[in-house]
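Letter by letter, the chains look like this.
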Amino acid sequence: MLIALCILAPMENKEGNFVSVKNTFTYRISCPYNIYLLAAIMEQGGYEISIKDWYAKEYELQEVIEELIEFDVIMISSNSYNWYSSRVVIEKLRSMRQDQIIVVGGMQATLFGQKIIEEFPVDYVIRGEGEKSVIPLLRLIEKKGREDEVPGLVYKENGEIHLNPMSPLMTPEEMSLLPVPLYEKLQDKAYNWLSIESSRGCVNNCIYCAVPHKRNWRPLSAKAFVDRIEAYIPYLGKVLTGKFFFIDDSFIIDINRAREIAGLLRKRQIDIKAIWNGHIKELFEHEMLIELAPYTDCILVGAESFHEETLKKIGKTFKEEDILKATKIAVKLGISEKLLFSFIIGFPWQNKEIIIEEIDKIYDLVSTTGACALINWLTLNPGSQIWNEYYRKNKVSFRDYGILFGKWKEDVYPVNGQELKEINFYIQYLQNTIPGGEYRFRGK
């Protein structure tokens with residue numbers, strides 16, 4: 001049985017229904033942890049796997065089809081951004097072969113598993129964390145197991161759709177026993193950073209975010225995580241920077257754990273650099289920041305807004321002055337240049353005046369402290385609270401979800417086309433007034 005495990009970069013939608021992504025370099029930041037981990041689990045279970053990683057590639061559809069058409073089982077990891085390219089490949093493959101087994105997993109499958117089965121020619125969808133599902137699924141495909149033995153399975157039988165319960169979320173103990181991802185099969189220098197996780201889940205419940213398992217944070221112990229760092233180090237040469245990307249929602253939620261990790265790295269004389277995520281109030285911890293500094297390349301901080309009403313509405317528990325306090329601490333410790341703040345503009349309740357005021361405050365933060373900032377226009381993320389509320393009022397088929405992106409801008413987007421151009425021009429103007437502004441003060 002020939003098995004291909006795939007992930008695709010977004011491709012331009014010729015029908016105009018989905019958000020198009022033309023520069024695939026955006027997706028080269030860190031390697032896709034999930035498919036390399038699942039491949040390791042399958043290999044550990046006795047299966048030979050071909051990894052087809054197109055996430056960092058610019059590719060033609062025909063190239064993908066030619067590589068996949070000979071496989072017996074096609075397993076595709078999907079999210080909202082690459083769903084269009086995934087669905088195009090699925091439909092093209094099915095038009096050429098009826099006997100291929102096509103499986104969809106990933107975020108898109110977890111959010112919309114039933115709709116995928118209803119509207120697209122796939123055999124199975126896996127919802128939830130796939131580590132406990134993948135081996136039972138392969139046994140089912142081999143006719144050595146049953147449908148009810150596969151956690152999170154969505155399938156159709158006699159025209160009726162069945163949804164198996166998802167498996168319980170993996171515990172920290174189970175996560176610590178996972179194999180090292182098959183990074184030996186990672187294409188050399190295709191990605192900037194090597195992905196590694198020290199925890200799963202999130203403690204927040206922000207309305208713009210589609211990440212599952214909110215308010216359910218599961219951390220590895222400090223020892224288990226440092227053990228994993230040591231096991232991953234041989235693969236750092238595979239990525240351009242030779243550095244790690246800690247893919248946690250926040251690496252420093254548990255301050256004591258973060259300090260213990262730093263202590264173990266120091267004790268074992270492990271010399272690494274990493275990018276990691278942190279929340280605003282966690283950055284108040286001076287001693288932790290000092291201890292982590294030797295291992296820190298960049299801290300990604302989801303500040304999101306300087307607008308008090310916006311912070312409350314999106315579910316943040318900090319205030320404008322907390323952003324300034326955290327930055328002052330970083331300046332005092334000499335690490336402010338390692339801060340990369342993320343801000344979001346364009347919420348429905350914001351107008352041009354509010355947005356310009358926010359941009360000015362972000363500019364002041366960057367120009368006076370040495371920190372960096374990325375200003376993002378609000379994206380309508382399928383599965384988020386703000387998406388769900390809008391979708392309930394504008395229901396369309398799953399195939400036509402892309403229509404909602406256009407309707408969103410017509411119905412509730414806070415600025416018109418001309419104002420959008422003026423705001424983007426203003427960001428570019430301010431960017432040119434700061435040394436290194438193309439990196440330190442960016443709009444997206």
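Small disclaimer: the values here were computed from a predicted structure and weren't measured. (Residues numbered from 1 in each chain as written. Predicted model: local features only at pLDDT ≥ 70, side-chain atom pairs only at ≥ 80, totals over all residues. Heavy atoms only, no water.)

> What exactly am I supposed to notice about the nonpolar core here?
Soluble globular proteins: nonpolar side chains tend toward being buried together. Counting 149 residues, the largest nonpolar core has Met75, Leu137, Leu194, Phe244, Phe246, Phe341 and Phe441 as its most contacted members. Among the elements that line this core, the one with the most residues is helix H1 (residues 33-44), at 9 residues. If sequence neighbours within four positions are ignored, phenylalanine 441 has contacts with Ile359, Ile362, Tyr363, Val366, Ala373, Ile375, Ile427, Leu430, Gln431 and Ile434. Trp193, Leu300, Leu340 and Cys372 belong to the second largest nonpolar core, which has 8 residues in total. (Core = buried A, V, L, I, M, F, W, Y, C linked by side-chain atoms within 4.5 Å. Buried < 20%, exposed > 50% of the residue type's maximum accessible area, 1.4 Å probe, protein only. Helix = DSSP H or I, 4+ residues; strand = E, 2+ residues; numbered from the N terminus. Contact = heavy atoms within 4.5 Å.)

> Would you mind going over the sheet that holds strand S16 (residues 441-443) with me for this structure?
The strand order across the open sheet built from 7 strands is S8-S11-S12-S13-S14-S15-S16, with neighbouring strands paired in parallel fashion. Edge positions in the sheet fall to strand S8 (193-196) and S16, since each has one partner strand and no second. On average, adjacent strands in this sheet sit at an angle of 25 degrees to one another, irrespective of strand direction. Relative to S16, strand S15 (residues 372-377) is paired through 3 bridges, and the arrangement is parallel. (Pairing = 2+ DSSP bridges. Axes fitted to C-alpha atoms, helices over the stretch in contact; angles between N-to-C directions.)

> When you look at the sheet that holds strand S4 (residues 101-105) in this model, what are you seeing that I'm missing?
Pairing between the strands of a sheet is mediated by backbone hydrogen bonds and can be parallel or antiparallel. Read across the open sheet, the 7 strands follow the order S2-S1-S3-S4-S5-S6-S7; overall the sheet is mixed. Lying at the two open borders of the sheet, with one neighbouring strand each, are strand S2 (49-54) and strand S7 (160-163). On average, each strand axis in the sheet is inclined to that of its neighbour by 20 degrees, with strand direction left out of account. Inspection of the sheet shows strand S3 (residues 73-77) paired to S4 by 5 bridges, in the parallel sense. Looking across to S4, one finds that methionine 75 is bridged to valine 103. Lying on the sheet, helix H2 (residues 61-68) is in contact with strand S1 (3-8), S2 and S3; it crosses S2 at an angle near 175 degrees. Relative to strand S5 (residues 124-126), helix H4 (residues 107-119) is tilted by about 155 degrees, and along the sheet it contacts S4, S5, strand S6 (153-157) and S7.

> In this structure, what is going on with the environment of leucine 292? I would like to understand it.
You can see leucine 292 is positioned in helix H9 (residues 286-292). Between the alpha carbons of leucine 292 and aspartate 53 there is a distance of 32 Å; along the sequence they are 239 residues apart. Discounting chain neighbours no more than four positions away, the residues touching leucine 292 are Phe251, Ile252, Ala258, Ala262 and Trp276.

> Where do I start with the pattern of salt bridges in this structure?
Pairs can form between side chains of opposite charge once their charged atoms are near each other. Inspection of every chain in the model, using the stated rule, returns 23 salt bridges. Here arginine 200 makes a salt bridge to glutamate 197, at a shortest N to O gap of 2.9 Å. Here arginine 200 and glutamate 197 have matching classes, each one buried. In this structure, glutamate 422 and lysine 352 form a salt bridge, with 2.4 Å as the shortest nitrogen-oxygen distance. Of this pair, glutamate 422 sits in helix H15 (residues 417-431) while lysine 352 sits in helix H12 (residues 352-369), and the two are 70 residues apart along the sequence. Lysine 352 sits in the partly exposed class, given a relative accessible area of 28%. (Salt bridge = Lys/Arg side-chain N within 4 Å of Asp/Glu carboxyl O.)

> Quick question: what am I supposed to make of H15 here?
Between its terminal C-alpha atoms H15 stretches 21 Å, which fits the 21 Å expected from 15 residues at 1.5 Å a residue. Along H15, the positions that sit buried rather than exposed are Ile423, Ile427, Leu430 and Gln431. For H15, the arc enclosing every buried residue in end-on projection is 110 degrees, short of the 170-degree limit, so these residues lie on one face. Facing away from the buried side of H15 by over 90 degrees, the exposed positions are Lys421 and Phe425. Where H15 is buried, its residues meet strand S14 (339-345), H12, S15, helix H16 (437-440) and S16. For H15, the N-terminal cap is asparagine 416; the gap from its side-chain oxygen to the backbone nitrogen of glutamine 418 is 3.1 Å. (Expected span 1.5 Å × (residues − 1). Arc of directions from axis to C-beta. Polar contact = N/O pair within 3.5 Å; in protein donor to acceptor, adjacent residues only side chain to side chain.)

> Could you clarify how one ought to interpret the confidence of the model for the chain in this entry?
For residues with low pLDDT, the predicted coordinates do not support detailed interpretation. On average, residues of the chain score 93 in pLDDT, and 96% of them are at 70 or above. Across residues 16-27, confidence stays below pLDDT 50; counting only partners more than four residues off in sequence or on other chains, it has 26 contacts. (pLDDT = per-residue confidence, 0-100.)

> How should the pairing of strand S11 (residues 243-246) be read in this particular structure?
A regular strand places its side chains on the two faces of the sheet in alternate fashion. Pairing analysis gives 4 bridges linking S8 to S11, with the strands arranged parallel. When the sheet's bridge partners are listed, leucine 194 is paired in S11 with phenylalanine 244. Read as a crossover between parallel neighbours, the route from S11 over helix H8 (residues 255-267) to strand S12 (residues 274-278) is right-handed. (Right-handed = clockwise from strand over helix to strand, strands pointing away.)

> Whenever I open this one, the state of the cysteines confuses me. Can you help?
In a disulfide, the sulfur atoms of two cysteines are covalently bonded to one another. The tally for this structure, following the rule as stated, stands at 0 disulfides. Looking at cysteine 6, it has no disulfide partner, and the nearest cysteine sulfur is the one in cysteine 31, 17 Å off. Given the relative accessible area of 1%, cysteine 6 is considered buried. Here cysteine 372 is not disulfide-linked; the sulfur of cysteine 298 is the nearest cysteine sulfur, at 7.1 Å. (Disulfide = S-S within 2.5 Å.)

> Just checking my understanding: could you explain the side chain of glutamate 129 for this structure?
Turning to its location among the elements, glutamate 129 is positioned in the loop between S5 and helix H5 (134-141). A distance of 2.8 Å separates the side chain of glutamate 129 from the backbone nitrogen of methionine 170, its partner in a polar contact. Among the polar contacts listed, one links the side chain of glutamate 129 to the side chain of arginine 218, at a separation of 3.0 Å. Contact partners of glutamate 129, with chain neighbours within four places excluded, come to Ser167, Leu169, Met170, Arg200, His213 and Arg218.

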